Amino acid sequence: METTRQAERQRTAAEQRRRELLEAADRVVLRDGPKASMNAIAAEAGITKPILYRHFGDKGGLYRALAKRHTDALLSALRAALDAPAERRRRVEATLDTYLAAIEARPQVYRFLMHPSDDAAPSPEQGFDVGRHSAPLLRRLGEELALVIAERVDLGPDSEEMARIWGHGIVGMMHAAGDWWLGERPCSRAQLVRSLADLLWGRLAAVGDRPGGPGF
């Protein structure tokens, strides 16, 4: 029994330490964006780089942990927007606005997650190989949105397949439009939300709720 309690205490301490390291990494990312390095993160956490590697394996491991942390928070916010007590068009706009507001509020975090460093030939200590990891992040968002669509709307006999098409298509649209908008700011966020909602609205307005589902 004592051995079990000791193992549990060690596991809890390790999880707490991991959270602290991720918070330190977040602070560096907010400051440095895609150029955030393992050296800078280790210095921010007050540890050596080998200790940081021991917790996350390598730069890719740390990137994946940060991506999960921020994606979990974004998905929670998107689900809250979808569950808001409002008519469908308002919830569509609220969901789009939630995504855009998130990348607008923390642009350095967004650029870290979705863009490699702008340096032409970065050294091993200059940022992360983001390109290898951003596609899985978008795929996860697409699959999660597909699950939400599948449980809420009736898309006919091929509902599951159609929900995945819609989920990945909507995420792709939000990502591409949001990336362009964040870089150029050609219009207000509200205008972009309305325009994207207009693009989606024809089929969404016509489709019925899934029988027995939470509704959309």
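Up top is the structure these notes are about.
Here we summarise the structure given alongside this text.

Cut-offs used in this document
- Residues numbered from 1 in each chain as written.
- Predicted model: local features only at pLDDT ≥ 70, side-chain atom pairs only at ≥ 80, totals over all residues.
- Heavy atoms only, no water.
- Axes fitted to C-alpha atoms, helices over the stretch in contact; angles between N-to-C directions.
- Helix = DSSP H or I, 4+ residues; strand = E, 2+ residues; numbered from the N terminus.
- Parallel < 35°, antiparallel > 145°, perpendicular 65-115°, else oblique.
- Left-handed = near helix turned anticlockwise from the far one by under 90°.
- Contact = heavy atoms within 4.5 Å.
- Nonpolar A, V, L, I, M, F, W, Y, C, P; charged D, E, K, R; others polar.
- Salt bridge = Lys/Arg side-chain N within 4 Å of Asp/Glu carboxyl O.
- Buried < 20%, exposed > 50% of the residue type's maximum accessible area, 1.4 Å probe, protein only.
- Phe/Tyr/Trp six-rings, centres within 6.5 Å; stacked < 30°, edge-to-face > 60°.
- 1 Å grid on protein atoms, 1.4 Å probe; cavity = no way out; pocket = protein on both sides within 12 Å on 5 of 7 lines; lining within 4 Å.
- Points joined across faces, edges and corners; volume = space filled by probe spheres on them.
- Arc of directions from axis to C-beta.

### Notes on the packing of helix 4 (residues 59-82) against helix 6 (residues 107-114)
A packed helix pair is summarised by two numbers, namely the angle formed by the two axes and the spacing between the axes.
Consideration 1: Between helix 4 and helix 6, the least distance of the axes is 10 Å, while the angle of their chain directions is 130°. When the axes of helix 4 and helix 6 are compared, the pair comes out oblique. In this structure, helix 4 meets helix 6 at a crossing whose hand is left-handed. Residues Tyr63, Leu66, Ala67 and His70 of helix 4 form the contact with helix 6, whose own contacting residues are Val109, Phe112, Leu113 and Met114.
Consideration 2: Tallied by class, residues from the contact of helix 4 with helix 6 come to seven nonpolar, one polar and no charged.

### Some thoughts on the pattern of salt bridges
Two side chains of opposite charge can pair, provided their charged atoms sit close to one another.
Consideration 1: On inspection of all chains with the given rule, the structure shows 16 salt bridges.
Consideration 2: Here aspartate 26 and arginine 69 are joined by a salt bridge, their closest N and O atoms 2.9 Å apart. Of the two residues, aspartate 26 is situated in helix 1 (residues 2-32) and arginine 69 in helix 4; the sequence distance between them amounts to 43 residues.
Consideration 3: A residue is classified by how much of its surface remains accessible, and aspartate 26, at 8% relative accessible area, is buried.
Consideration 4: By relative accessible area, which is 29% here, arginine 69 ends up partly exposed.

### Quick word on the packing of aromatic side chains
Consideration 1: Summed over all chains, the structure comprises one aromatic pair.
Consideration 2: Ring centres 5.6 Å apart and planes at 40° place the aromatic pair tyrosine 63 and phenylalanine 112 in the tilted group. Of this pair, tyrosine 63 sits in helix 4 while phenylalanine 112 sits in helix 6; the two residues are 49 residues apart in sequence, bridging distant segments of the chain. One exposure class covers both tyrosine 63 and phenylalanine 112, and it is buried.

### Some points on the layout of surface pockets
Consideration 1: Taken as a whole, the largest pocket spans an internal volume of roughly 330 Å³.
Consideration 2: Considering the residues around the largest pocket, the lining is formed by 16 residues, among which His70, Leu74, Ala102, Ile103 and Leu113 are closest to the centre.
Consideration 3: Secondary structure elements with two or more residues in the lining of the largest pocket: helix 4, helix 5 (88-105), helix 6 and helix 7 (131-152).
Consideration 4: For the lining of the largest pocket, a count of residues per class yields 12 nonpolar, three polar and one charged.

### Some points on empty space enclosed by the protein
Consideration 1: Under the criterion given, the structure shown has one cavity of 30 Å³ or more.
Consideration 2: Secondary-structure elements contributing two or more residues to the lining of the largest cavity are helix 4, helix 5, helix 7, helix 8 (159-184) and helix 9 (189-206).
Consideration 3: When its residues are assigned to classes, the lining of the largest cavity shows 18 nonpolar, two polar and three charged.

### Side note on helix 3 (residues 49-56)
Consideration 1: Taken as a whole, helix 3 has its buried residues at Lys49, Leu52 and Phe56. Buried residues of helix 3, seen end-on, are gathered within an arc of 55° and therefore sit on one face of the element. Projecting away from the buried face of helix 3 at angles above 90 degrees are the exposed residues Pro50 and Arg54.
Consideration 2: Phi for glycine 57, located one or two positions after helix 3, is positive at around 85°.

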